[in-house]
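Residue-level structure breakdown
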Amino acid sequence: MFIEPFANNEFLQLSLVAGILVAFTCAIAGTFVVLRGLAFIGDALAHGVLPGIATAMLLGISGVIGAAVGSLVMMAGVSVVSRRFRLSGDTAIGLLFVGMLALGVMITSRSRTFVGDLSRILFGELLGVNAGDLILQFGALMIVAVVAFISRRPFLLLCVDEGLAKTSGFSNRFFHNLMLMIVAITVIASFQTVGTLLVLGMLIAPAATGALFARRISTVMLIASLVGSISTYVGLLISYHFDLAAGASIVLTTVLIFALAATFTEIRKALAENGHDEHEHPHSHAGSHVR
Amino acid sequence: MTNKPLKKLATVFALITLASCSNSTETVTEPTSETTTDSVVADLPAIAVTYSIIGDLVSQLVGDIAAVSVIIPDGQDPHDFQPSAKDIETINNAALVVSNGLEFEEGLEEVLENIADSGGNIFMVGDHITVRKIEDGNEHNHGDGEDEDEDHAEEDGDDQKDDDHDHKHTGGDPHVWLSPATMLEMLPALTTALSQATGADLSTQATALTTQLQDLDSQVESIINGLDECNLVSGHDEMGYFADRYGCNVIGAIIPSFTTTSEATAGELAELKKQVEQNKVPAIFTGLGTSPDTANQLAKELGIKAVTLSTHYLDDAANYQEFILNLTNQIAEALG
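Quick caveat, the model's predicted, so the values are computed rather than measured. (Residues numbered from 1 in each chain as written. Chains lettered and ligands numbered in written order. Predicted model: local features only at pLDDT ≥ 70, side-chain atom pairs only at ≥ 80, totals over all residues.)

1. Overview of the overall build of chain A
Note the cut-off: A run of H or I in DSSP counts as a helix once it spans at least four residues, and a run of E counts as a strand once it spans at least two, with each numbered from the N terminus. With C-beta atoms placed from the backbone, the exposure class of a residue follows from how many other C-beta atoms lie within 10 Å of its own: 20 or more, buried; 12 or fewer, exposed; in between, partly exposed. By the convention adopted here, residues are in contact when the distance between their C-beta atoms, placed from the backbone, does not exceed 7 Å.
Secondary structure summary: chain A contains 14 helices and 0 strands in total. The dimensions of chain A, computed from C-alpha atoms along their principal axes, are 80 × 55 × 35 Å. Out of the 291 residues belonging to chain A, those deemed buried represent 51%. When contacts within chain A are restricted to residue pairs at least 6 apart in sequence, those whose partners lie at least 24 apart make up 71%.

This is the structure we're talking about:
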């Protein structure tokens, strides 16, 4: 029931490994997304790669290269719009996001050769993963891990205190862009597995869960990896036993785990507060209501 | 310094736009036997057909008497295709619209409904044939032991479709063109509709085409009868009419649904694997709308071949007859 589906079906084994690799990659990049508030640009990148992927497939070259180009265009565009025209980063991201997505839809809708459904790019094909995909995913994980490790101090400072980062001699812009780059790499590598839309879920929910319980970046990443991996396993089981879409099941699981974790912390907080009230000195806080 | 990123941006956008532009002009200017470019023959009655397979049959009937336009270009998934404003205009201006019916062209549903509601001329193939329907477990008994799962899976596929589109679901298999016998069923009614729209007598052409289709039917029959076993596994549940007519068994499909807009699930794939093993199927067929990666992985795991079949558009075939024969020969070769 819990092991047999995987033991009997190689495609499920491959999906599981791919999902776990995605989970680890997203845990690293996602921790920075959550701590630094990059969710919107993460979402924009996830959609912005669409015309790149579509064009690449049309031209018969690897979708990954197309995604890489797409994300470069996206980031360059955001940079130009927000700095040269002095519009807020939010607006710049929104503009590029929608523009790239529309372009992607146009390209896939009018192409004469069958390039692959829009929905397949957005939602991935986890059940069709092959060894080549796994190698790619592993490569991406290595790059993201190495970059994050080397840049750990500036990244930490950027998340915690931008002002301090600047005075510490780091170029904020450079490291901010580097951070965006590892998010982009994560999106580019993962679109073939869970799809671009759902990568966002894997980036945010597990790391958000981690952030509920931990303050140290490494701990958040660890929790995020665990949550992501468990969600992959559970999601695949759900897809198997209930005949539901795989990618979506996994991402929904990550969000549900977050919901459970959040509820748990709320209960924990409420219990702690009650306990605190009972032991409270009657005159410890002016105006406090003591029963 | 500030001009550089702008220039880079402009170049990349230009490249992307060029790439998409070159594809759209391809669609418009490349003439095939049954499509016409925009405003070529204003005097001939305009017939709009939704996809190329039926379009070819229509062309064989009307010949030069009418201007036949095919709306969905080859290579686009007809289950999915979204019309442009131009497409809708072509449909609205046609003397007759010929469509598949049975909710095949999901993206054209509303347009076609509007035509019907406003009293326009629309012919739906599905109205003039014996529809292959799903019923609870009995309607199509093919092969061993996959009935319940197939029906269950098909109903799930239908439920998914229902969630996407708020209309009543008829539950009929739309892949009517895959059996020449089914095409023969609707031919008289189609001829009448075309005669009315063009004002011409098409009985000679209809008789000729009828004979050809009957020959085709016999040819396919003999090819398939030459096989020891005809067990079909396809990308989505598309081979029903073919299987029913020529005595093949539909073992299952990667996407067990009448439409490609559903997704494969781990449970259904695992079940399909079991069925393929049980029935010792030598090859699975994949095509438009199915993930080639999923098909290849499945084939690899089972140690069998994955063969790409073109089932929803003419592709290289010159006409309907060639299309069906190519299909049949590919199937026979893979299963033989």
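2. Observations regarding the overall build of chain B
Scanning chain B from terminus to terminus reveals 11 helices and 8 strands. The 336 residues of chain B split such that 47% are buried. Of the contacts formed within chain B by residues at least 6 apart in sequence, a portion of 64% connects residues at least 24 apart.

3. Describing the domain arrangement of chain B
All names here are of chain B. Stated precisely, the cut-off is as follows: By convention here, the domain bounds are inherited from an automatic or database domain assignment. Residues are grouped as follows: Ala, Val, Leu, Ile, Met, Phe, Trp, Tyr, Cys and Pro are nonpolar; Asp, Glu, Lys and Arg are charged; every other residue, Gly included, is polar.
Domain boundaries assigned for chain B yield domain 1 (33-130 + 176-211) and domain 2 (147-171 + 227-335). Contact residues are listed per partner, giving 21 residues for domain 1 and 20 residues for domain 2. Put simply, the parts of the chain that give the side of domain 1 that touches domain 2 at least two residues each are α2 (52-62) and α6 (180-198). It is α2 that contributes the most residues to the side of domain 1 that touches domain 2, 5 residues altogether. When its residues are assigned to classes, the side of domain 1 that touches domain 2 shows 9 nonpolar, 6 polar and 6 charged.

4. Regarding unusual backbone geometry
Notably, A:Arg86 is not glycine yet its phi reads approximately 55°, a positive angle. Tracing the backbone shows A:Arg86 in the loop between α5 (63-84) and α6 (89-110). Given 8 C-beta atoms within 10 Å, A:Arg86 falls into the exposed group. Of note in the backbone geometry, B:Leu102 takes a positive phi value of approximately 55° without being a glycine. Of note, B:Leu102 is situated in the loop between β3 (96-99) and α4 (109-117).

5. Observations concerning the packing of helix α7 (residues 203-225) of chain B against helix α11 (residues 320-335) of chain B
Between two packed helices, both the angle of their axes relative to each other and the distance between the axes serve to describe the pair. Residue and element names in this part refer to chain B. We count it as follows: Axes here refer to lines fitted to C-alpha atoms; in helices the fit is confined to the stretch in contact. Angles between the N-to-C directions go from 0 to 180 degrees. Note on terminology: angles under 35 degrees are roughly parallel, angles over 145 are roughly antiparallel, angles of 65 to 115 are roughly perpendicular, and the others are oblique.
As a packed pair, α7 and α11 sit with axes 10 Å apart at the nearest point and diverge in direction by 5°. The angle between the axes of α7 and α11 places the two elements in the roughly parallel class. Residues Gln212, Leu216, Gln219, Val220, Ile223 and Ile224 of α7 form the contact with α11, whose participating residues are Gln321, Ile324, Leu325, Thr328, Asn329 and Ala332. Partitioned by chemical class, the residues of the contact of α7 with α11 number 7 nonpolar, 5 polar and no charged.

6. With respect to the nonpolar core
Short version of the rule: Each nonpolar core consists of buried Ala, Val, Leu, Ile, Met, Phe, Trp, Tyr and Cys residues. Their C-beta atoms, within 7 Å, join them into a set.
If you look at the biggest cluster of nonpolar residues, it comprises 176 residues, and the most contacted ones within it are A:Val183, A:Val199, A:Ala207, B:Ile47, B:Val58 and B:Val97. A per-element tally of this core places helix α2 (residues 10-36) of chain A first, with 17 residues. Both of domain 1 (33-130 + 176-211) and domain 2 (147-171 + 227-335) of chain B provide at least three residues apiece to this core. Residue contacts for A:Val199: discarding those within four places in its chain leaves A:Cys26, A:Ala46, A:Thr186, A:Val187, A:Ser190, A:Phe191 and A:Val194.

7. What about the environment of B:Gly171?
Tracing the chain through its elements places B:Gly171 in the loop between α5 (147-164) and α6. Taking C-alpha positions, B:Gly171 is 5.9 Å from B:Lys133, a pair spaced 38 residues apart along the chain.

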